[in-house]
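# Notes for the structure review
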Amino acid sequence: MATTIASRSGRLLALLLILPGAFVAVAQAEPILKIRTTEFTRFNEAVEMQSSTSYNARGMAPLYEITNRVIDLFVDENPIPDGYITVKEGAIAPGPNVSDNNWGPLLKQYWAILLVAALCIIMIALMPIMGLCLCCCRCFGGCGGRSQPFDKKHDTCRRAILGFLLICSTSALVFGVVVAFVTNSYMQHGVENITTSARHGVHDTRLYLQTTSAHIDHVLNKNYQELNNDLKQLLHDASDNIIKRLEEESKAEKLTTLYEFVEKLPGIKGSLEKMKQLTSELRITASQLNDGLRGVKRELLTSLNKCGTQECIKVMDDYKIGRLNVNGIDYNSIQDRYFPRLPDLSQIIESVKQLTDSSLGSAIHQGVDQMNELKSTLRQTVLQNIPKVQAASDSTGKAIKDVSNMLTSRLNNVADTLGNNSYKHLDTADEYIEQYSIYRYYAGLGISSVLLLILMCLVFGLLCGICGKRPDGYGDDCCNKGAGGRFLIFSVAIIFLTFSVILAVALASFLVGTLTRRAACDSLRDPANDQIINYLDQFVDLNRLYADLRAQAERSRTKLQVSEQVEPVHIGEVIVACQQNETIYKVLKLNNFIDIRTIRDFPEHYGITRELAALKEKIKIQSVQILTPEATEDIRALQESKLNDFDVDKFTDNLTFNITEYNLNEIADKLREVANRVPSGKEMNDIKVNLKNQALHLSSYQTNLVDPMIASTNELIKLSTTLDTSLKFGEKSFSAAIDKFLTQIKDAEEYINKYGKTFVQNVTEELVSGFNNQIHSYITLVIESTEGDIGLCGPVYNVYESVIVASCNRIVDPFNGFWAGVVWCLLLFLPSIIFGVKLSTLYQKSDPYPGPMVESEYLYDAYTERDNIPLASGPKNKRRKKQDRRRESRDRREIYYEEGSPSHSRDPRYNDMAPKNWDGAPPRYQNPPMAPPAAEYERPPPYYYPGAPSEHE
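Predicted model, so just to flag it, every value in this text is computed and none were measured. (Residues numbered from 1 in each chain as written. Predicted model: local features only at pLDDT ≥ 70, side-chain atom pairs only at ≥ 80, totals over all residues. Heavy atoms only, no water.)

## A word on the overall build of the protein
Defined as follows: Strands here are runs of E lasting at least two residues and helices are runs of H or I lasting at least four, both read from the DSSP assignment and numbered beginning at the N terminus. Exposure classes here rest on a 1.4 Å probe applied to the protein chains alone. A residue is buried below 20% of its type maximum, exposed above 50%, and partly exposed in between. Whether two residues are in contact is decided by their heavy atoms: any pair within 4.5 Å suffices. Method for areas: the Shrake-Rupley scheme with a 1.4 Å probe, in which residue coverage is limited to the protein chains shown.
If you tally the helices and strands in the protein, you get 29 helices and 2 strands. Across the 953 residues of the protein, 40% fall into the buried class. Here the analysis covers contacts within the protein between residues at least 6 apart in sequence; of these, 86% occur between residues at least 24 apart. Accessible area of the protein: about 53000 Å², with a carbon and sulfur share of 56%.

Below, the structure is given as structure tokens:
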């Protein structure tokens, strides 16, 4: 327990010993001078960029996404396998695989594209041949070119199924046609506006360079001028600040306060004499007022007592007429037992006169001269060194301005070069686009129109085939099933005629679009990890360009030095850094040939640090004697003078603004009111006149005596209060104030002689440090602004994105969408050919399914005696031909029924050659010899019944 108490006591003692030193350290750490930090104006120039990255696919976004996914299936992330290209020192050379004739990896990577190209080439070659074969086949009656006029048993079902399938393919074909038209229009719009986007990009890039140039000039020129002005003002005020802080620290300013008080002694004497005069005037005026009020009091008491009315008695009681006099104040300097007297200032005035006539003023003035000489020495020392420091500061500013001019000049030259070389090429591009892009548009429009024509033929064929009547050969409607079949055959013919050309265009568009999207668009969108950008980086070789610029900067000996280490520069890294909105200094890694951090050496290089150190060494002070022994004695005499006897309380306590107990004008008004109410009578009339006369006297006293006394009293109180403040200096008495002054002046003299030199050196050190801190704060501002604020690359990346949008999104995507829509249509043409040919044959049939017998007979006739049928039944003239058509328009089944009737003469060749067993019953077929018994099988009768044999007789 005792050990614990002892250890705690030791810790407490150590803490008590450490705390005073800590307080001293904190006190010493506090700044002596309050140096104001320069507030630099910020660069805030608002600019309006024209480039826009907004894009509206207008309903084609899913198509573009699908097309890009399809292209991704054909192209690898690295489009060029290793070993086929070698890029070195700005030259492209074949790789080792080319020299070794090793094409395996390349074929393995692009087998899908080669397969598609091969299939397309085969289709391009085969489709015309297939179309020719189909045409020849139909010309010879095959492939649906010639068929029976009535339906087969399942043709209705076939027609429905094939029609449904053709409707599906035609409906899907609508999408491809719409895509072809829309993407062709979008692509033309993108081509026509590509130069506009490029002009906006050039304008924004130039504006960015000009804004960056203005920002550099603002930081390196304007901000330094702000710093330089503050530094000059700091140097100009340096001596005054040092002297002021020395006076405040040493309390030497009390000597000046005391000297100013001594200089005011004549004024104090004048104030005392004025107070004495006012006191005398108050005494005289009070005596006159007192005598007058006694006479008025006597008359009023006599008249009011004689009046006897209630109002007279009330006035006499309310205003205490019997005690009407000066309100308890005796303005005489002789004290009586009722009233205290006002102080007599004659002795104080005499004492002040003696002080003004003594050598007090000259003695204190000698001390003031000593301090002024000290100030003058300090001021002269500072003023002699200010031009040197300012010259060094101006040299630094000139060097920084040279750097600013160099950078701004280069940026402005780049902006001018960009504008001069870009706009004329864009104008040329506008001419070429206006002259030649319309042909590409019309070519795309022609292909789209062919697709639309095929689509319309298919649609009309389906409409007529589904909704139209059967063809009857006479009086046919314009939109019957036969017309639908002809529309379908026409669409098939157009497909065969144009398929190869359209497929060739689609194949070329596919290859060009795939190459453009992978080589340009994908590379621009992901430059950091792209193989093509890497090859481009090796081909351009920015590092070699930077090495030349670095060597040029070293030879030119610019104000800013190059960095010690060379950072490699790559195009992909530049674009990514620009995307992150880094500054142009970091994006282009300009520190390779202009290291902004070397600006920290400017103060040392141009002598600011050297001149400030010289200024600090030259500022010194000598010992001074502020007060001589004679001056001290004179101040002691001032301390013991009669000014100590001045007591302001005797004035403020004894003087009052209420000279009389009641306002005399108020009493006079009341007396006039009472006099007017006094009843008539000889004696009463005398009382009335006397009351009015006394009221007139009271009003005269108030105006001529009381009001001037109030004004004099007010002035006297103000003078006494002001004089008391001037004499005591915030202390209890004048003697204590002078004694404190004397003590402080002695302490100031001792402080200056003992600690003044150290204090001045500390103040000078703080002044120089503040100066250096201001310069280094500006240098830090320059470095931070250059590395983090000047030339933020976001606007340039916005231009980069706008170019990608204008070229890839508005041209390449519609271009790829166009061939995708065309390929979609071509793929749908293949089943549409089959459906169209089959449906056209079905739509040409004029009769429905007649039944199996007629079908077999027609087939028999067609394959035995079909050559005789046209000759036997052919019309002899046009009228007979029309009659035959009109007859054939009827239902063919009626003809067969008519032919089977007894009254109809039937050609013998159509008779049934089988034996007949009539017996009044329906005929039965005889079984062939090898047929099974009749009980097991019986041939069905024909569907017509000619009647019994007896009916033919």
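This is not the end of the story, as more comes after the structure.
## Some thoughts on the packing of aromatic side chains
The line we're drawing: When the centres of two rings from Phe, Tyr and Trp lie within 6.5 Å, Trp using its six-membered ring, the rings pair. Their planes under 30 degrees apart give stacked, over 60 give edge-to-face, and anything left gives tilted. Put simply, a charge is over a ring when the Lys NZ or the Arg CZ is close to the ring centre, within 6 Å, and near the line of the ring normal, within 35 degrees.
Under the defined criterion, the tally for this structure stands at 11 aromatic pairs. Here Phe-460 and Phe-487 contribute two aromatic rings whose centre-to-centre distance is 5.6 Å and whose plane-to-plane angle is 50°, an arrangement assigned as tilted. One end of the pair, Phe-460, is in helix α12 (residues 360–467); the other, Phe-487, is in helix α13 (residues 481–525), and 27 residues separate them in sequence. Its relative accessible area of 36% is what places Phe-460 among the partly exposed residues. Judged by relative accessible area, Phe-487 falls into the partly exposed class, the value being 29%. Joined through ring pairs, the aromatic side chains of Phe-40, Tyr-224 and Tyr-778 make up one cluster. A cation over a ring is seen here: Arg-58 above Tyr-186, with NZ or CZ 3.9 Å from the ring centre.

## Some remarks on the environment of Gln-694
When you line up the elements, Gln-694 lands in helix α23 (residues 682–728). The spacing of Gln-694 and Leu-293 is 401 residues in sequence and 9.8 Å in space, taken between C-alpha atoms. Here Gln-694 is in contact with Val-296, Glu-299 and Leu-300, once residues within four sequence places are set aside.

## Some words on the packing of helix α2 (residues 61–74) against helix α25 (residues 794–843)
Axis angle and axis distance: for two packed helices, these are the angle between their axes and the distance between the axes, and together they describe the pair. Note the threshold: Comment: axis = line fitted to C-alpha atoms, over the contacting stretch for helices; angle = value between 0 and 180 degrees taken between N-to-C directions. The labels follow the angle: roughly parallel below 35 degrees, roughly antiparallel above 145, roughly perpendicular from 65 to 115, and oblique for the rest. All amino acids are sorted into three groups, where Ala, Val, Leu, Ile, Met, Phe, Trp, Tyr, Cys and Pro are nonpolar, Asp, Glu, Lys and Arg are charged, and the leftover types, Gly among them, are polar.
In contact at an axis separation of 9 Å, α2 and α25 are set at 80° when each is read in the N-to-C sense. Here α25 runs roughly perpendicular to α2, going by the angle between their axes. Along the contact surface, α2 presents Leu-63, Tyr-64, Thr-67, Asn-68 and Ile-71, while α25 presents Asp-813, Pro-814, Asn-816, Gly-817, Trp-819 and Ala-820. When the residues that make up the contact of α2 with α25 are grouped by side-chain class, the tally is 6 nonpolar, 4 polar and 1 charged.

## Here we look at the pattern of salt bridges
Stated precisely, the cut-off is as follows: Any carboxyl oxygen of Asp or Glu within 4 Å of a side-chain nitrogen of Lys or Arg constitutes a salt bridge here.
Throughout the structure, instances matching the rule amount to 16 salt bridges. Asp-72 is the salt-bridge partner of Arg-517, the closest N and O atoms lying 2.8 Å from each other. With Arg-517 in helix α13 and Asp-72 in helix α2, the pair connects residues that are 445 residues apart, well separated along the chain. Residue Arg-517 is classed as buried on the basis of its relative accessible area of 5%. Residue classification places Asp-72 among the partly exposed positions, given a relative accessible area of 40%. Each of Asp-72, Arg-517 and Asp-522 takes part in a single network of salt bridges with overlapping partners.

## A short note on the side chain of Ser-51
Our working rule: Polar contact is the term for a pair of N or O atoms within 3.5 Å; when the atoms are in protein, one must be able to donate a hydrogen and the other to accept it, and sequence-neighboring residues count only if both atoms are side-chain atoms.
With respect to the helices and strands, the residue Ser-51 is situated in the loop between α1 (2–29) and α2. Since its relative accessible area comes to 9%, Ser-51 is described here as buried. There is a polar contact of 3.4 Å between the side chain of Ser-51 and the backbone oxygen of His-200. Each residue touching Ser-51, except ones within four places of it in the same chain, is listed here: His-200, Gly-201, Asp-204, Asn-798, Val-799 and Ser-802.

## Thoughts on the confidence of the model for the protein
Put simply, the rule is: How sure the predictor is of each residue is captured by pLDDT, a score from 0 to 100.
Per-residue pLDDT for the protein averages 76, and the proportion of residues at 70 or more is 74%. Within the protein, the lowest mean pLDDT, 36, falls on α1, and the highest, 92, falls on α2. Note on residues 914–922: pLDDT is under 50 here. Beyond four places in sequence and across chains, it has 13 contacts. Contacts of residues 949–953 to residues separated by more than four positions or lying in other chains number 5 contacts, the stretch itself having pLDDT below 50.

## Some details on helix α6 (residues 155–236)
Here is the rule: By this rule, a helix spans an expected 1.5 Å times one less than how many residues it contains. Note on bend: at a given residue it equals the angle between the axes fitted to the 7 residues ending there and to the 7 starting there.
Taking 1.5 Å per residue, 82 residues should reach 122 Å; α6 reaches 114 Å between its end C-alpha atoms and fits that length. Along its length, α6 shows its largest kink, about 40°, at Asn-193.

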